[in-house]
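# Fold and geometry: a report
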Amino acid sequence: MSAPGVLSFTQQGWEQVLAKVKWALVYLDAACAESLHWGCGSTRLLEAVGGPACHLREFEPAAVGGGAEQPKAVFVLSCLLKGRTVETLRDIICRSHFQYCVVVTAVNHAIHLTANHVPAAAAAELEGQPVFEQLEEKLCEWMGNMNYTAEVLHVPLLLAPVAPHLALTPAFASLFPLLPQDVHLLNSARPDKRRLGSLSEVDATALPPELLLQIRCLVSGLSSLCEHLGVREECFAVGSLSRIIAADLANYGPAKNRRKTATGRASVVFVDRTLDLTGAVGHHGDNLVEKIISVLPQLPGHTNDVMVNMVELTALQNEEKNQSMVAPGCLAQSNDPAARALWEALLSTKHKEAVMEVRRHLVEAASRENLPIKMSMGRATPGQLMSYIQLFKNNVKALVNHCGLLQLGLATVQTLKHLQTAKWDNFLAFERLLLQSIGESTMSVVLNQLLPMIKPLDQRTNDDYSPEELLILLIYIYSVSGEFTVDKNLGEAEEKVKKALAQVFCEESELSPLLQKITGCDSPIKLTFHKCKITTDELFASLRDIAGARNLMKQFKSVYVPGNHTHQASYKPLLKQVVEEIFNPERPDPVDIEHMSSGLTDLLKTGFSMFMKVIVLSTRLLKPLNIPELLFATDRLHPDLGF
């Protein structure tokens, strides 16, 4: 067996679930479905269920119950078993004929005690798992017979492993660091307590209970991962929310015994994404996967995968009405080693090499199947890739053998031909221009350069920027600039941009889901200029917060590298700076990477030398459009936990 990692951690969790599902109806929530999707695939689950019919259902209030011939159900849930979740369980079970119910939760029992306000001292004295045991009784009650079988257990299904060293946490996709404006909200919610002066003073005790619980759920999963890896972790943080999460993991009660017996050691570094949003909204990443994720439509219910149109491999015409008739392809190919190897190569290669790599894989697969391939050298074009893909169309055996590869091939072709990909270069050109301007001009001059690009609907062509794209450019400008001098000129420039943007919002014929959330209006008819102006004032307050996000840093104050007579100005990602700092043995201990674990042993420099490769965990794979959503349209302080 290979060394433990994010993939083995996820697969081990799913093996525990698969052992329970034979002949069962299986209900999954979205985050667990995403973990399954990347970890071992739905085919593996269907094989474990057995039987000819498909027994997978989405866990939601309207889910179809089980008939008389379906006596067993397994519910696989990423969340706390409380509130709406328990109500949905009750509703599904009451309209079914189950005699045997298993409920799997990704959140451990200790966190369920916290959620039910059991003090830590009392929790330590408790025998067994009372929250789970009480729910087991309820399940039997809902099934209608106390002699039926009910089982509630915890399995840490935290991760969606995208690659051997990269994993995501779908249940925490909307967890996002706090901004200075959130400090005012925290202060107003605790009038009787000491006022918080800045984000650096915010600790766990100052957070709303639902955000603290969400953090505890994440910490519970991370602790299980460290247990699987067999390591005693030292926790480090860059940024204010990271400091709270790192401290919570360092002081997590259930981990104390595990750490005493762990043979390995590891450094865990948490980083606030808000310290550098430039890369997340920017277009200078020369990576094919970044473009695929940004331009292809999202796979429904998922936060990280996309829909690949598969109609080209059928006899249907590639028209819009036919696209919904054929199930979409996707990027996750957990059961296809060849496709997985290609996907992992695409993640780490530059755009041009990645397209060549797709061509190489298609050529080799076609040759192995003896398909009549015409070799051609030179640049790989979408047309050429498509001609190779269509060779598989009428050969069912070849199609089945290489289905995963063909999905990645079609994802590549559809991305290269997509209108948004042509626009990618417009963004890139403007971002490069901005980088040069920031070094030579004031912020007001930079904003005035953006002004002529803000056009209402009736003046826009396909090459112009939509309202959402303008927000992306504004986030880029404010994040890359960092701290700047606020003067009369800047105030005037911001006012001009706000007015132009408000006018654009007002004249939209249809409001996108993002604009509906930002403006609080579901229809353009209700949207007045006054309402739009209030919205743009709020947007700019957030943009200024983003510009000041690195103010508390001493070392990582800037992501902007000024130009000189030999080099153009450029952007240096904060994450790159953090990693370089950690791996540089010459440098003294970094001041901005805070050590949050108790004890004197500072493992940062030594801990990393033990890993030949670094595991990267992220809440999600970001595309530029996710950032305005997380920044302007997400209640960061009050996540919806369903109770």
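Residues numbered from 1 in each chain as written. Predicted model: local features only at pLDDT ≥ 70, side-chain atom pairs only at ≥ 80, totals over all residues. Heavy atoms only, no water.

With that settled, consider the overall build of the protein chain. Within the protein chain one finds 28 helices and 13 strands. Here the C-alpha atoms of the protein chain give a radius of gyration of 26 Å, agreeing with the 26 Å that 2.2 N^0.38 yields for 643 residues. Its C-alpha atoms give the protein chain principal-axis dimensions of roughly 75 × 75 × 60 Å. When burial is assessed residue by residue, the protein chain has 52% of its 643 residues classed as buried. Contacts spanning at least 24 positions in sequence make up 74% of the contacts within the protein chain whose residues lie at least 6 apart. Accessible area for the protein chain stands at about 29,500 Å²; split by element, carbon and sulfur atoms hold 55% of it. Counting 60 positive and 69 negative side-chain charges, the protein chain places the centres of these two groups 3 Å from one another. (Helix = DSSP H or I, 4+ residues; strand = E, 2+ residues; numbered from the N terminus. Rg over C-alpha atoms; globule rule 2.2 N^0.38 Å. Buried < 20%, exposed > 50% of the residue type's maximum accessible area, 1.4 Å probe, protein only. Contact = heavy atoms within 4.5 Å. Areas by Shrake-Rupley, 256 points an atom, 1.4 Å probe, with all protein chains shown as cover. Lys, Arg positive; Asp, Glu negative; His and termini not counted. Charge placed at Lys NZ, Arg CZ, Asp CG, Glu CD.)

Let's shift gears to the environment of Leu241. Secondary-structure assignment places Leu241 in helix H10 (residues 240–250). Spatially, the C-alpha atom of Leu241 lies 8.4 Å from that of Asp203, the residues being 38 residues apart in sequence.

Below, the discussion takes up the side chain of Arg190. You can see Arg190 is positioned in the loop between helix H8 (180–189) and helix H9 (209–229). Asp203 provides the closest opposite charge to the buried, salt-bridge-free Arg190, at an N-O distance of 5.6 Å. Excluding residues that lie within four positions of it along the chain, Arg190 makes contacts with Leu196, Thr205 and Ala206. (Salt bridge = Lys/Arg side-chain N within 4 Å of Asp/Glu carboxyl O.)

Let us now look at the pattern of salt bridges. Under the definition given, this model contains 28 salt bridges. One salt bridge in this structure joins Glu234 and Arg232, with 3.2 Å as the shortest N-O distance. On the basis of relative accessibility, which here comes to 3%, the residue Glu234 falls in the buried class. Between Asp537 and Lys533 there is a salt bridge; the shortest N-O distance is 2.9 Å. One end of the pair is Asp537 and the other is Lys533, both in helix H25 (residues 529–547) and 4 residues apart, which spans about a single turn. Judged by its relative accessible area of 34%, Asp537 is partly exposed. According to the relative accessible area criterion, Lys533 is buried, its value standing at 15%. One salt-bridge network, held together by shared partners, links Glu495, Lys498, Lys533 and Asp537.

An order of S6-S7-S13 is seen for the 3 strands of this open sheet, with the pairing classed as mixed. The sheet terminates laterally at strand S6 (160–163) and strand S13 (616–618), the two strands that pair on one side only. Pairs of neighbouring strands in the sheet enclose a mean axial angle of 25°, with direction left out of account. Alignment of strand S7 (residues 166–168) against S13, held across 3 bridges, turns out to be parallel. Along S13, the bridge assignment pairs Leu168 with Ser618. (Pairing = 2+ DSSP bridges. Axes fitted to C-alpha atoms, helices over the stretch in contact; angles between N-to-C directions.)

The next point concerns the domain arrangement of the protein chain. Domain annotation for the protein chain reports domain 1 (6–160), domain 2 (303–417) and domain 3 (421–548). Taking the mean C-alpha position of each, domain 2 and domain 3 sit 37 Å from one another. (Domains from an automatic or database assignment.)

Time to look at empty space enclosed by the protein. In this structure the tally under the stated criterion is 1 cavity of 30 Å³ or more. Forming the walls of the largest cavity are Ile293, Gln298, Thr303, Asn304, Asp305, Val306, Leu621, Lys623 and Asn626. Across the lining of the largest cavity, the residue classes tally to 3 nonpolar, 4 polar and 2 charged. (1 Å grid on protein atoms, 1.4 Å probe; cavity = no way out; pocket = protein on both sides within 12 Å on 5 of 7 lines; lining within 4 Å. Points joined across faces, edges and corners; volume = space filled by probe spheres on them. Nonpolar A, V, L, I, M, F, W, Y, C, P; charged D, E, K, R; others polar.)

Turning to the pairing of strand S8 (residues 231–238), a few remarks are in order. Each regular strand shows side chains that alternate between the opposite faces of the sheet. With 7 of its 8 residues buried, S8 lies for the most part within the structure. Both S8 and strand S9 (residues 264–271) contribute to a ladder of 8 bridges, which runs parallel. The residue of S9 that forms the bridge with Cys235 is Val268. Here S8 runs beside strand S12 (residues 594–595); their pairing, made up of 2 bridges, is antiparallel. Within the sheet, the bridge partner assigned to Ala237 lies in S12 and is Glu594.

With that settled, the discussion passes to a nonpolar patch on the surface. On the surface, a nonpolar cluster with roughly 290 Å² of combined accessible area is contributed by Val579, Phe583, Val614 and Val616. Turning to its location among the elements, Val579 is positioned in helix H26 (residues 574–583). (Patch = residues over 30% accessible without salt bridge, like charges linked within 9 Å, V, L, I, M, F, W, Y side chains within 5 Å.)

Attention now moves to helix H3 (residues 42–49). Among the residues making up H3, those that are buried are Leu45, Ala48 and Val49. Each buried residue of H3 sits inside an arc of 100° when the element is viewed along its axis, so together they form one side. Gly50 sits one or two positions beyond H3 and adopts a positive phi of about 75°. (Arc of directions from axis to C-beta.)

Running from amino to carboxyl end, helix H20 (residues 419–440) crosses helix H21 (residues 443–450) at an angle of 155°, the nearest separation of the two axes being 9 Å. When the axis of H20 is compared with that of H21, the two are roughly antiparallel. Handedness of the crossing formed by H20 with H21: right-handed. Across the interface between the two elements, Phe430, Leu433, Leu434, Ser437 and Ile438 from H20 touch Val446, Gln449 and Leu450 from H21. Among the residues forming the contact of H20 with H21, the class breakdown is 6 nonpolar, 2 polar and no charged. (Parallel < 35°, antiparallel > 145°, perpendicular 65-115°, else oblique. Left-handed = near helix turned anticlockwise from the far one by under 90°.)

Along the chain, Leu347 falls in helix H15 (residues 337–348). What makes Leu347 partly exposed here is its relative accessible area of 24%. For the pair formed by Leu347 and Leu288, sequence separation is 59 residues and the distance between their alpha carbons is 7.7 Å. In this view, Leu347 contacts Val162, Ala163, Asn287 and Val289; residues no more than four positions away in its chain are not counted.

The sheet contact formed by S6 and S7 spans 3 bridges and is antiparallel. By the bridge assignment, Ala163 is partnered in S7 with Leu166. Here S6 folds back onto S7, and the loop between the two strands holds 2 residues.

What follows covers the packing of helix H16 (residues 351–368) against helix H17 (residues 382–390). In helix packing, the relevant descriptors are the interaxial angle and the interaxial distance, both defined with respect to the helix axes. Two numbers describe how H16 lies on H17: the axes approach to 10 Å, and their chain directions differ by 25°. Taken together, the axis directions place H16 and H17 in an arrangement best described as roughly parallel. As for the relative orientation of H16 and H17, their crossing is left-handed in sense. Here H16 contributes Val355, Val358, Arg359, Leu362 and Val363 to the contact with H17, which in turn contributes Gln384, Leu385, Tyr388 and Ile389.

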